[in-house]
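Residues per chain, in single letters:
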Amino acid sequence: MKFFLDTGNMEEITRISRLGLVDGVTTNPSIIAKEKRPFKDIIQDIARLVPGPVSAEVIGTTTEEMIKEGREIATWAPNIVVKLPLTESGLEATYQLSQEGIKTNVTLVFSAAQGLMAAKAGATYISPFVGRLDDIGVDGMKLVRDLKAILSEYNFSTEIIAASIRSIEHVEQAALAGSHIATIPGSLLPSLWKHPLTDIGLERFLKDWASVPQTK
Ligand code: G3P
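So, a few notes on the structure that sits alongside this text. Quantities reported herein were computed from a predicted structural model and do not represent experimental measurements. (Residues numbered from 1 in each chain as written. Predicted model: local features only at pLDDT ≥ 70, side-chain atom pairs only at ≥ 80, totals over all residues. Heavy atoms only, no water.)

**Looking at a negative patch on the surface**
We apply this condition: A patch consists of residues exposed above 30% relative accessible area that lack any salt bridge, with like charges linked at up to 9 Å and nonpolar side chains (Val, Leu, Ile, Met, Phe, Trp, Tyr) linked at up to 5 Å. Using a 1.4 Å probe, accessible areas were evaluated by the Shrake-Rupley method; residue-level cover was limited to the displayed protein chains. Every case where a carboxyl oxygen of Asp or Glu lies within 4 Å of a side-chain nitrogen of Lys or Arg is listed as a salt bridge. Positive: Lys, Arg. Negative: Asp, Glu. His and the chain ends are not part of the count. Note that the charge is assigned to NZ on lysines, CZ on arginines, CG on aspartates and CD on glutamates. Helical segments are the DSSP runs of H or I of at least four residues, strand segments are the runs of E of at least two, and each set is numbered from the N terminus. Accessible area is worked out with a 1.4 Å probe on protein chains only. A residue is then buried under 20% of its type maximum, exposed over 50%, and partly exposed in between.
A cluster of acidic residues, Glu-64, Glu-65, Glu-88 and Glu-92, forms a negative patch on the protein surface. Residue assignment for the negative patch shows that the elements contributing at least two residues are helix H4 (63-73) and helix H5 (88-99). Note on placement: Glu-88 falls in helix H5. Under the relative-accessibility criterion, Glu-88 is labelled exposed at 70%.

**Here's the deal with the pairing of strand S6 (residues 125-128)**
Put simply, the rule reads: For two strands to be treated as a pair, DSSP must find at least two bridges joining them. Look down the strands so they point away from you; if the path from the first strand over the helix to the second goes clockwise, the crossover is right-handed.
Along S6, one buried face is formed by Tyr-125 and Ser-127 and the opposite face, lined by Ile-126 and Pro-128, is buried too. Sheet topology note: the strand S5 (residues 104-109)/S6 ladder contains three bridges and is parallel. Counterpart to Val-106 in the pairing with S6 is Ile-126. Once you follow S5 into helix H6 (residues 112-120) and on to S6, the crossover reads as right-handed. Strand direction decides the pairing type here: S6 and strand S7 (residues 159-162), joined by two bridges, are parallel. In the strand pairing of S7, Tyr-125 is matched with Glu-159.

**Digging into the pattern of salt bridges**
For the structure on display, the rule yields eight salt bridges. For Lys-2, the salt bridge identified is with Glu-159, shortest N-O distance 2.9 Å. Of the two residues, Lys-2 is situated in strand S1 (residues 2-6) and Glu-159 in strand S7; the sequence distance between them amounts to 157 residues. Across the pair Arg-37 and Asp-45 runs a salt bridge whose closest N-O atoms are separated by 2.9 Å. Within the structure, one salt-bridge network assembled from shared partners comprises Arg-37, Asp-45 and Arg-48.

Next up, the structure:
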C-alpha cells in the first residue's frame, strides 16, 4: 500500500520524506487554509519535494469553473493531480479532464455507488472518507472493501485512496482491505512507527549493554 501524506505542511513532508515513506501528497481547501500561504506556492513547493502525485483541489462549483481551474492547476507541476468533488458537475469535469490526459482524484466519496460513478467517469483516484463515515456511525472501512471488490471485479485502473484516516488501526485496516493508497495526516504518521514496548525494549538493551566488558 502506498502512503500519501494528507497535509500542506512542508516540515511534516520533509521529515517523513527522509524515511522514504512519502509516495504522494493530498491536500484540500481546509488543509491549505491552515498554512497561511498562497495555494499555488504551497502546491509547487510540495510538487518539487515529492516526486509522486500531489493532489490540489478545485474550489469552483460549476463544471466550467472546475474544468478551467483544473486545466490551470495541472500546469503548475508535472506531478499534479486535480482533485474534484463528487457532484454532478465534478463528475462531468472529471470526465472532460481525464479525456485531456489530466490526472484526477474524486473526493468526498461516501458510497460505493458514488465511487463506481467516479471510476466510470475516468477518475485516476477516488477518495472514500473513512473517518467521516465512522463519525456518523457507519463502518467507513466497509466502503473501502466494497470499492476494492468492485474495481477489481471490473478491472478499473482507478486507484482507491483511503482518506479521512484518523488512527493507526485505520491504516492497518486499509492495508488489509487492499486499498491502493492511504492518505495519512502528517501528525498521525509518526505514531505508526512508535510502540511503547519498542522504547522499553531498547532502554533495557542499552542498560544491559552497560555491563558488557569493553575490549581494551
Ligand atoms: O483526505 C481527506 C481528509 O483530509 C479529511 O479528513 O479528518 O477532515 O475527515 P478529515
